[in-house]
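Next come the chains, spelled out residue by residue.
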Amino acid sequence: MVERLFSYDEVESTNDIAKKMINILTNGDVVWTLKQKNGRGKGERTWYSPEGGLWFSIIFKPLSISQDPNIYTKVVSVATVKILKKIGIDKAGTKWPNDIYYEQKKLGGILTEILHHGNEKIVIVGVGLNVNNSLTEDLPDAISLKEIAGKNFDLSHLLQMIYSESMRLYNFVTQGHRNVITNLWRNSLIIKRGSKVKLVGSGGDQIVTIVRIFSDSIVVEHNGIKERVRPSEISIS
Ligand code: BTN
């Protein structure tokens, strides 16, 4: 159960609210809203957040920041995928490192921000999941749980389940077992070693094969040549 839940009908962005509340937030607090006026995605993009979706941020206050800052994103994305599978969305998976996918369509995303507050480090992991909400035509690659399952889901229940699993997995990080999370995350990826994907580059797109997946990069092979690329250069649609 979420111990301290700050819930709102509408805010600009749960990550931004969390930043404003930084003085009072403690480890495991959650900021949840029914809709966002200015939801933010990665790379300064706006995140469409109408009523019906699940928009929240979990606060972690680690004693020291992990050497792999992506670990917090991985914890929550692995937890989200596990819960999605539990409610029957079998083909849910992660796409490196912050997207939640269903086959080739984006179901949700995670925006992790790390703040330094005095001597403390505060990690805000914002989760956006298309649940019962509609999607606009300019998001052709997005999908919602309702579209997949043909029914509505209880947002509060979903939040509780994702939260509980995230906190359970976060314990592995605090106990020094980051490798457990990294392995779970690797298994949750929708692209695996051997998958053929599109490498989007300035010289045009090309189909490449995934050779290895690291925490911060992916090695791909094309015509016998191996190349290390950024995960954002890979497209699966
Ligand atoms: C992405 O895939 O670009 C990340 C999207 C993250 C959206 C969530 S919704 C809750 C939290 N508040 C925000 O403003 N963004 C994140």
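Computed from a predicted structure; not experimentally measured.

**Remarks on the nonpolar core**
Ranked by internal contacts, the top residues of the largest apolar core, which has 56 residues, are Leu 54, Phe 56, Phe 60, Leu 158 and Ile 234. Top contributing element to this core by residue count: helix H4 (residues 155-174), with 10 residues. The residues contacting Leu 54, other than those within four sequence positions of it, are Trp 32, Val 127, Gly 128, Leu 129, Val 131, Leu 155, Leu 158, Leu 159 and Ile 162. Grouped together as the second largest cluster of nonpolar side chains are 12 residues, Ile 17, Ile 59, Leu 115 and Ile 124 included.

**Focus on the environment of Trp 55**
By secondary structure assignment, the location of Trp 55 is in strand E3 (residues 54-60). Taking the relative accessible area as the measure of exposure, Trp 55 reaches 1% and is therefore buried. A polar contact is formed between the side chain of Trp 55 and the backbone oxygen of Ser 49, at a distance of 3.5 Å.

**What to know about a positive patch on the surface**
A contiguous patch of positive charge on the surface is contributed by Arg 186, Arg 193, Arg 212 and Arg 228. On the secondary structure map, Arg 186 appears in helix H5 (residues 178-188).

**Comments concerning H4**
Side chains of residues three or four places apart in an α-helix project in the same direction, reflecting 3.6 residues per turn. Compared with the 28 Å implied by 1.5 Å per residue over 20 residues, the 28 Å span of H4 between its first and last C-alpha is a close match. The opening residue of H4 is Asp 154, an N-cap whose side-chain oxygen sits 3.0 Å from the backbone nitrogen of Ser 156. Once H4 finishes, Gly 176 follows within two positions and takes phi at roughly 85°, a positive value.

**A look at the site of the ligand**
Around the ligand lies a shell of 19 residues, among which Ser 13, Gln 36, Arg 40, Lys 42 and Lys 106 are the nearest. Here an oxygen atom of the ligand sits 3.5 Å away from a polar atom, N or O, in the side chain of Asp 99. Against a free-state accessible area of 420 Å², the protein chains account for coverage of 99% of the ligand. Of all the elements, strand E6 (residues 105-117) adds the most residues to the shell around the ligand, at four residues. Classifying every residue of the shell around the ligand by side-chain character gives five nonpolar, 10 polar and four charged.

Conventions we followed
In every chain, residue numbers begin from 1 and rise along the written sequence. Restriction of local features to residues with pLDDT of at least 70 applies here, the model being predicted, together with a cutoff of 80 or more for giving and counting side-chain atom pairs; totals for whole chains, interfaces and linings are based on all residues. Working from all heavy atoms in the structure, the side-chain values ignore hydrogens and water. The nonpolar core is taken to be a set of buried Ala, Val, Leu, Ile, Met, Phe, Trp, Tyr and Cys residues, with the residues joined through side-chain atoms within 4.5 Å. The rule is simple: take the accessible area with a 1.4 Å probe, protein chains only, and divide by the maximum for that residue type; under 20% is buried, over 50% is exposed, in between is partly exposed. Only DSSP runs of H or I reaching four residues or more are called helices, and only runs of E reaching two or more are called strands; each is numbered from the N terminus. Contacts were defined at the residue level, with two residues in contact if any of their heavy atoms lie within 4.5 Å. We define a polar contact as two N or O atoms separated by no more than 3.5 Å, with the added condition that, inside protein, one atom must be a possible hydrogen donor and the other a possible acceptor, whereas residues neighbouring each other in sequence contribute only through side-chain atom pairs. Only residues above 30% relative accessible area that lack a salt bridge enter a patch, with like-charged residues linked at up to 9 Å and the nonpolar side chains Val, Leu, Ile, Met, Phe, Trp and Tyr linked at up to 5 Å. To be clear on the numbers: accessible area is Shrake-Rupley with a 1.4 Å probe, and residue cover counts the displayed protein chains and nothing else. The working definition used for a salt bridge is a side-chain nitrogen of Lys or Arg within 4 Å of a carboxyl oxygen of Asp or Glu. Residues scored as charged are limited to Lys and Arg (positive) and Asp and Glu (negative), so that His and the chain ends carry no count. Charge positions are represented by NZ for Lys, CZ for Arg, CG for Asp and CD for Glu. By this rule, a helix spans an expected 1.5 Å times one less than how many residues it contains. Only a single heavy atom is needed: when it lies within 4 Å of a molecule or strand, its residue is near that molecule or strand. When residues are sorted by character, Ala, Val, Leu, Ile, Met, Phe, Trp, Tyr, Cys and Pro go into the nonpolar class, Asp, Glu, Lys and Arg into the charged class, and all the rest, Gly among them, into the polar class.

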